[in-house]
Amino acid sequence: MKNDIIIPELLCPAGDLDRLKTAVDFGADAVYIAGKEFGMRTASKNFDFSELKEGIDYAHKFGKKVHITCNTIPHEDEMERLPEYLTALNDLGADAVIASDLGTISLVKKYAPNCELHISVQSGTVNSVTANEFYNMGAKRVVLARELSLEEIATIRAKTPKELELEAFGHGAMCVSFSARCLLSSYMTGRDANRGDCAQPCRWSYSLMEQTRPGQYFDITENEKGTYILNANDMCMAPYLDKMVKAGVSSIKIEGRAKTEYYVAVTANAYRGALDSLKGGLDNWVLPSWVEEELNTISHRTYSTGFYFGRPENAQTYKDAGYIRDYALAAIVEGYEDGKITAVLKNKFLSGTKLNCLEAGNEPFWISTDIMFDENDEQIDSAPHPMQIIKIPFERPVKKGSMLRMKAADSR
């Protein structure tokens, strides 16, 4: 029955305050972020306490939730600072704290009693016994390991309390190590991946050589640059959201706290549209074509379905670590007046370039730039300067914050 369908939460990443607001505006039910400590992405700007408050207040204004990552494996000196930090998160009104370390988990329950406890993917949960133990420890949610199949998730769902939520990754970069627990960065660069400082050596080029065992070969695909034997493809489960719902997934997580505001907007809007389309029923559901097209506009590696359907068939790309980039951001809409869109330029383009508009809550649509003007209403043939104000005639208002993008080949 259609009325029996429970649409999963859409959980989106945010590396800073602007991206948090973008995620909320473009359809996220919840966002996950980090403060200046204890989060697994030090490459992101992240949030100081004033930004945490502003971000939480902004999300709550629209009925959305904010989950704070405390999912590093902290050392002794860090543990001494954690109680004060957790107390602050509790007082700021954070909805949940995401943790994996057992000591951290115990402190969350003590110092952030108003926050839900979510068990991080770093815990590597792959069975119902572990999930149930976390539930007995006070967990509201378990983020399941990315190495599980949909069949295994369905089994875990059947063997755990219905009150325990199951979160699973639906989109984004994959890690070659088990549930992102990796020592490669520490060995090669001294940067600890388990404390949020991964240098991503899995994306580097390697050549295999074993001098003392002539005649013993490891079959790898290689070009003149070496081989990318650890380079995992990105995940995209958008066409299979119905199967994730049937397996009992409570929350669909988008990876990418170090990704751009554009990435956040596209993935939030696309997955919002996909999840909303499930309300019509799961039988014979097909992903709306525009959603798949949208997910190809962002910078990404070749897409795969990870382990959800068993051992991955297209798990890695060996020839390079490059990204596919079909679109480039052209401008951000600031307003609408006198029949014209006002926008701030991000990348230069010529008049006549067709711009695709990403507007929150809508399918993307095309805008012609055969005629466009500068901020003084003088007609122009090109928009060459970043942060330049441009005006484009259009038949209706377009929401502030909408993103105008162009085919990458049109970016000059």
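Quick note: structure is the one above.
Conventions we followed
- Residues numbered from 1 in each chain as written.
- Predicted model: local features only at pLDDT ≥ 70, side-chain atom pairs only at ≥ 80, totals over all residues.
- Heavy atoms only, no water.
- Salt bridge = Lys/Arg side-chain N within 4 Å of Asp/Glu carboxyl O.
- Helix = DSSP H or I, 4+ residues; strand = E, 2+ residues; numbered from the N terminus.
- Buried < 20%, exposed > 50% of the residue type's maximum accessible area, 1.4 Å probe, protein only.
- Pairing = 2+ DSSP bridges.
- Contact = heavy atoms within 4.5 Å.
- Axes fitted to C-alpha atoms, helices over the stretch in contact; angles between N-to-C directions.
- 1 Å grid on protein atoms, 1.4 Å probe; cavity = no way out; pocket = protein on both sides within 12 Å on 5 of 7 lines; lining within 4 Å.
- Points joined across faces, edges and corners; volume = space filled by probe spheres on them.
- Nonpolar A, V, L, I, M, F, W, Y, C, P; charged D, E, K, R; others polar.

**Things to note about the pattern of salt bridges**
- In the structure shown here, the tally under the stated rule is 17 salt bridges.
- Notably, a salt bridge pairs Arg81 with Glu37, separated by 2.6 Å at the nearest N-O pair. Here Glu37 lies in the loop between strand S2 (30-33) and helix H2 (49-61) and Arg81 lies in helix H3 (residues 76-92), a separation of 44 residues in the sequence.
- For Arg81, a relative accessible area of 36% gives the class partly exposed.

**Focus: the sheet that holds strand S14 (residues 355-358)**
- Here we have seven strands laid out as an open sheet, ordered S15-S14-S19-S11-S12-S18-S16, and antiparallel in their pairing. Two strands in the sheet have a free side with no partner beyond their single neighbour: strand S15 (365-367) and strand S16 (373-374).
- Pairing of S14 with S15, which is carried by three bridges, proceeds in the antiparallel orientation. Residue Cys357 lies in a different strand from S15, and its bridge partner there is Phe365.
- Those strands touched by helix H9 (residues 261-277) are strand S11 (327-337), S14 and strand S19 (403-407), and its axis lies near 95 degrees from that of S19.

**Re the layout of surface pockets**
- In this structure, the second largest pocket encloses a volume near 390 Å³.
- Lining the second largest pocket are 18 residues, with Thr22, Glu261, Ile332, Lys400 and Gly401 sitting closest to its centre.
- Counting only elements with at least two residues in the lining of the second largest pocket, the list comes to helix H1 (17-25) and S11.
- With four residues, H1 is the largest single contributor of residues to the lining of the second largest pocket.
- A per-class count over the lining of the second largest pocket returns seven nonpolar, three polar and eight charged.

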